[in-house]
Amino acid sequence: MGYNTIEVQPLTSCIGAEIAGVDLSKSLSDEQFQDVHDALVDNHVVFFRNQEITPEGQLEFAKRFGTPEVHPIVEGSNAHPELIEVLKPAGEGASFGTGWHTDNTFFEKPTMVTMLYGIDIPPVGGDTLWASMEAAYDALSDGMKELLDGLVAVHSASVAFDPRHTREKYEGKHSLKYTYSDAVEMEVEHPLIRTHEVSGRKGIFVNPMFTLRIKGMADAESAPLLKYLYDFSTKPEFVCRFRWQPKSVAMWDNRCTQHYAMNDYVQYRRFMRRVTIGGDTRPV
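Residues numbered from 1 in each chain as written. Predicted model: local features only at pLDDT ≥ 70, side-chain atom pairs only at ≥ 80, totals over all residues. Heavy atoms only, no water.

Time to look at the sheet that holds strand β7 (residues 152-156). Reading across the sheet, the three strands line up as β8-β7-β11 and stay open at both edges, with antiparallel pairing between neighbours. Single-partner strands in this sheet number two, and they are β8 (187-191) and β11 (211-214). Neighbour-to-neighbour, the strand axes of the sheet open up by a mean angle of 30 degrees, direction not taken into account. Taken together, the three bridges between β7 and β11 define a ladder with antiparallel strand orientation. Bridge pairing links Val154 to Arg213 in β11. (Pairing = 2+ DSSP bridges. Helix = DSSP H or I, 4+ residues; strand = E, 2+ residues; numbered from the N terminus. Axes fitted to C-alpha atoms, helices over the stretch in contact; angles between N-to-C directions.)

In this section: empty space enclosed by the protein. Gaps left between atoms are located by rolling a probe of water-molecule size over the structure's atoms. Summed over all chains, the structure comprises one cavity of 30 Å³ or more. Volume-wise, the largest cavity comes out at about 50 Å³. Together, Glu69, His71, Glu82, Ile84, Asn104, Phe107, Arg274, Val275 and Thr276 line the largest cavity. Here the lining of the largest cavity gets three residues from one element, more than from any other, and that element is strand β15 (residues 270-278). In the lining of the largest cavity, the residues fall into three nonpolar, three polar and three charged. (1 Å grid on protein atoms, 1.4 Å probe; cavity = no way out; pocket = protein on both sides within 12 Å on 5 of 7 lines; lining within 4 Å. Points joined across faces, edges and corners; volume = space filled by probe spheres on them. Nonpolar A, V, L, I, M, F, W, Y, C, P; charged D, E, K, R; others polar.)

This part covers the pattern of salt bridges. Evaluated as defined, the whole model comprises 15 salt bridges. Asp120 is the salt-bridge partner of Arg269, the closest N and O atoms lying 2.6 Å from each other. Here Asp120 lies in strand β5 (residues 111-120) and Arg269 lies in the loop between β14 (257-261) and β15, a separation of 149 residues in the sequence. Taking the relative accessible area as the measure of exposure, Asp120 reaches 27% and is therefore partly exposed. Glu134 is the partner of Arg201 in a salt bridge, and the nearest nitrogen-oxygen pair spans 3.0 Å. Of this pair, Arg201 sits in the loop between β9 (193-195) and β10 (202-204) while Glu134 is found in helix α3 (residues 133-139), placing the two residues 67 residues apart along the sequence. Taking relative accessible area as the criterion, Arg201 reaches 38% and is therefore assigned partly exposed. When its relative accessible area of 2% is taken as the criterion, Glu134 is described as buried. Because the salt bridges share partners, they merge into one network encompassing Glu134, Asp138 and Arg201. (Salt bridge = Lys/Arg side-chain N within 4 Å of Asp/Glu carboxyl O. Buried < 20%, exposed > 50% of the residue type's maximum accessible area, 1.4 Å probe, protein only.)

Right, let's talk about the nonpolar core for a bit. The biggest cluster of nonpolar side chains holds 53 residues, and the ones touching the most others in it are Trp130, Leu148, Phe161 and Ile204. Take this core: its biggest share by element is five residues, from helix α6 (residues 219-233). Counting 26 residues, the second largest nonpolar core, distinct from the first, contains Val46, Ile53, Phe61 and Val275. (Core = buried A, V, L, I, M, F, W, Y, C linked by side-chain atoms within 4.5 Å.)

A separate point is the layout of surface pockets. The calculated volume of the largest pocket comes to roughly 480 Å³. Lining the largest pocket we find 32 residues, and of these Ser95, Phe96, Gly97, Thr98 and Ala261 sit closest to its centre. Secondary structure elements with two or more residues in the lining of the largest pocket: β4 (84-88), β14 and β15. Here the residues of the lining of the largest pocket are counted per class, giving 16 nonpolar, ten polar and six charged. Lining the second largest pocket, in full, are Glu75, Gly76, Ser77, Asn78, Glu85, Leu87, Ser175, Leu176, Lys177 and Phe271. In the lining of the second largest pocket, the residues fall into three nonpolar, four polar and three charged.

For helix α1 (residues 30-43), spanning 14 residues, the distance from its first C-alpha to its last is 20 Å, which sits close to the expected 20 Å at 1.5 Å a residue. If you check which residues of α1 are buried, you get Gln32, Phe33, Asp35, Val36, Asp38, Ala39, Leu40, Val41 and Asn43. Positive backbone phi, approximately 75 degrees, marks His44, located one or two places after α1. (Expected span 1.5 Å × (residues − 1).)

Trans peptide bonds make up most of the peptide bonds, and negative phi angles are found at most residues other than glycine. Backbone geometry at His44 places phi at a positive 75 degrees, although glycine is not the residue there. Relative to the helices and strands, His44 is located in the loop between α1 and β3 (45-48). A positive phi angle is found at Lys247, which is not glycine, with a value near 70 degrees. For Lys247, the location among the structural elements is in the loop between β12 (239-242) and β13 (249-253). Overall, the relative accessible area of 34% leaves Lys247 in the partly exposed class.

Any functional reading would require information that these geometric values do not contain.
In structure tokens:
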């Protein structure tokens, strides 16, 4: 797609692009915002370098896409509950976002877009990977597409945030603060194959962090199929990798991606600021 007000440099043939010509500290014109929005839909995840953004500025830009969410389990900042300050001190292992997942699919209306701003970045390590669930779906065989059509998956935070197995998260042993709530145990259902509300493209909509099982199947029946989809959809052919720098911004479309935060920088401090934008409708 052509863009009138920005420069877009794709990272791979199917996912990821760097955007130049945008100053996120200023209010974007409607035309430039539409270009950024379209580039996000086209490339699934977009990156901006050398951005000076205040917490208030990050929230204002996020609001152009929709309504910022307050996470029901992970505590936000005191001044702005919608902003999660993702701090990992030197010597502490990362505990947030490590492992392939799509943000908050345990919500009835899952998160639509995530915006992450890098402030204090280690000199090496801490890259983030994204996988295109649309490219993965396109590469499935016709037989597999037919098998998956109409299936529904059950999602929950009950494994990822189970206090019995992640007790340290609730005991204050990490820099992030967690609060147990009913949202941990809630189960929701979403179509296993999701149609993107804007592009109309189909994509795989399951992830190993929050998907429990396929509705109507025993766990032993659905587990092999889900594992196949997890492994297949994160093949290198469908993945881009981003090396963070201070003042970098990543924005990704959770309707068609999974992502994975590398946990390979235990000796370094990292500080980032995250906001998620809620989806308007349930997936179809």
